[in-house]
Amino acid sequence: MVVLISGTGSNMAALVDAAEDPAYGVDVVAVGSDRRGTRGVELAEKAGVPTFVVPFRDYSDRAEWDTAMADRISEYAPDLVVSAGFMRLLGPAVLGRHTAVNIHPALLPSFPGAHAVRDALAHGVRVTGTTIHFLDEGVDSGPIIDQVAVPVEDGDDESSLHERIKAVERRMLVDTVGRLAREGWTVDGRHVRFGRTEHSVTDATDTKEQR
Ligand code: GAR
């Protein structure tokens with residue numbers, strides 16, 4: 001798989017660590033970013049994983065950037081793209097060529113978008129969490145694969161809550177991506193199941209998500 005990041009890369013680093021065990025069933029073939037000089041890319045380089053950067057600001061529009069990103073990802077021919085703290089929407093060029101999953105720090109469909117932890121706190125929820133889902137062209141709107149709840153504690157601020165969510169995310173991401181790789185998956189409308197089945201995929205656009 002190719003892992004995409006925009007910043008710290010702690011979720012990516014958890015995947016790279018897990019992939020060191022051959023029994024995990026996943027190779028991280030590259031780490032890509034939309035930003036230069038991120039801690040995540042530095043960590044990947046130190047771990048010996050090939051990296052690439054396709055800076056958004058180097059392109060005149062979103063479509064050009066999306067095509068450049070799709071081309072770089074395709075060089076590694078991944079079976080799966082994992083968006084792990086990647087803060088840009090991927091477009092039709094990437095999503096037309098690659099199956100991608102995303103990790104999001106809220107219980108979708110609540111609090112989509114770039115400020116999920118802040119928005120959940122501002123709303124006063126007592127429980128939030130994290131979601132891993134297949135990417136479609138909407139904002140955090142694709143079929144949900146797994147979710148884990150995280151309670152909000154009195155006195156939490158955005159940073160303390162996000163750190164607790166990230167600790168849960170790392171375990172869920174490693175577990176879910178490993179299962180996708182080892183067991184395969186079937187997407188039936190909005191419903192995702194692990195395992196390869198003969199079940200027909202109802203939405204024709206989901207065909208590439210059946211492995
Ligand atoms: C994670 O909490 C991830 O869910 C979130 O960014 C963080 C990245 O942390 N992603 C989004 O908010 C996407 N909308 P990391 O760089 O330490 O893995």
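Before reading on, note that the structure itself is shown above.
One structure accompanies this document, and this report is about it.

Conventions used here
- Residues numbered from 1 in each chain as written.
- Predicted model: local features only at pLDDT ≥ 70, side-chain atom pairs only at ≥ 80, totals over all residues.
- Heavy atoms only, no water.
- Buried < 20%, exposed > 50% of the residue type's maximum accessible area, 1.4 Å probe, protein only.
- Helix = DSSP H or I, 4+ residues; strand = E, 2+ residues; numbered from the N terminus.
- Pairing = 2+ DSSP bridges.
- Right-handed = clockwise from strand over helix to strand, strands pointing away.
- Near = heavy atom within 4 Å.
- Polar contact = N/O pair within 3.5 Å; in protein donor to acceptor, adjacent residues only side chain to side chain.
- Areas by Shrake-Rupley, 256 points an atom, 1.4 Å probe, with all protein chains shown as cover.
- 1 Å grid on protein atoms, 1.4 Å probe; cavity = no way out; pocket = protein on both sides within 12 Å on 5 of 7 lines; lining within 4 Å.
- Sits in = over half its atoms within 2 Å of the grid points.
- Salt bridge = Lys/Arg side-chain N within 4 Å of Asp/Glu carboxyl O.
- Axes fitted to C-alpha atoms, helices over the stretch in contact; angles between N-to-C directions.
- Contact = heavy atoms within 4.5 Å.

Overview of the pairing of strand S5 (residues 100-104)
Move 1: Within S5, five of the five residues are buried, which leaves it mostly tucked inside the rest of the structure.
Move 2: Of the two faces of S5, the one carrying Ala 100, Asn 102 and His 104 and the one carrying Val 101 and Ile 103 are both buried.
Move 3: As paired elements, strand S4 (residues 81-84) and S5 share four bridges and run parallel to each other. Residue Ala 84 lies in a different strand from S5, and its bridge partner there is Ile 103.
Move 4: Of the crossover connections in this fold, the one passing from S4 over helix H4 (residues 92-97) to the parallel S5 is right-handed.
Move 5: The sheet contact formed by S5 and strand S6 (residues 127-134) spans four bridges and is antiparallel. Bridging across to S6, Ile 103 finds its partner in Ile 132.

What to know about the site of the ligand
Move 1: Close contacts around the ligand come from 13 residues, with Gly 9, Ser 10, His 162, Lys 166 and Glu 169 the closest.
Move 2: His 162 is positioned such that a nitrogen or oxygen atom in its side chain is 2.7 Å from an oxygen atom of the ligand.
Move 3: Within the contact set of the ligand, an oxygen atom lies 2.8 Å away from a side-chain nitrogen or oxygen of Lys 166.
Move 4: Burial of the ligand by the protein amounts to 93% of the accessible area it has alone, namely 450 Å².
Move 5: Most atoms of the ligand, that is more than half of them, are within 2 Å of grid points of the largest pocket.
Move 6: Elements with a minimum of two residues in the shell around the ligand: helix H1 (10-19), S5 and helix H6 (158-183).
Move 7: Ranked by residue count, the leading element in the shell around the ligand is H6, at three residues.

Notes on the pattern of salt bridges
Move 1: One pass over the full model with this rule turns up 11 salt bridges.
Move 2: Among the ionic pairs, Glu 42 bridges to Lys 46, the shortest N-O distance being 3.6 Å. Taken together, the residues Glu 42 and Lys 46, both in helix H2 (residues 39-46) and four residues apart, mark about one turn of the helix.
Move 3: The salt bridge involving Arg 118 is made with Glu 158; its shortest N-O contact spans 3.2 Å. Separated by 40 residues along the polypeptide, Arg 118 in helix H5 (residues 116-123) and Glu 158 in helix H6 bring together distant segments of the chain.

Side note on unusual backbone geometry
Move 1: At the junction of Leu 108 and Pro 109, the peptide bond is cis and its omega measures out at 10° in the coordinates.
Move 2: Turning to its location among the elements, Pro 109 is positioned in the loop between S5 and H5.
Move 3: You will see that Ala 77, though not glycine, has its phi angle at about 45°, which is positive.
Move 4: Within the secondary structure, Ala 77 sits in the loop between helix H3 (62-74) and S4.
Move 5: By relative accessible area, which is 60% here, Ala 77 ends up exposed.

Focus: the sheet that holds S4
Move 1: A sheet is described by the order of its strands in space; here seven strands give the open sequence S3-S2-S1-S4-S5-S6-S7, paired in mixed fashion. With one partner strand each, in any of the chains shown, strand S3 (51-53) and strand S7 (144-151) form the two edges of the open sheet. On average, each strand axis in the sheet is tilted by 20° relative to the strand beside it, whichever way the strands run.
Move 2: Contacting strand S1 (2-5), strand S2 (30-33) and S3, H2 runs over the sheet at an angle of about 155° to S3.

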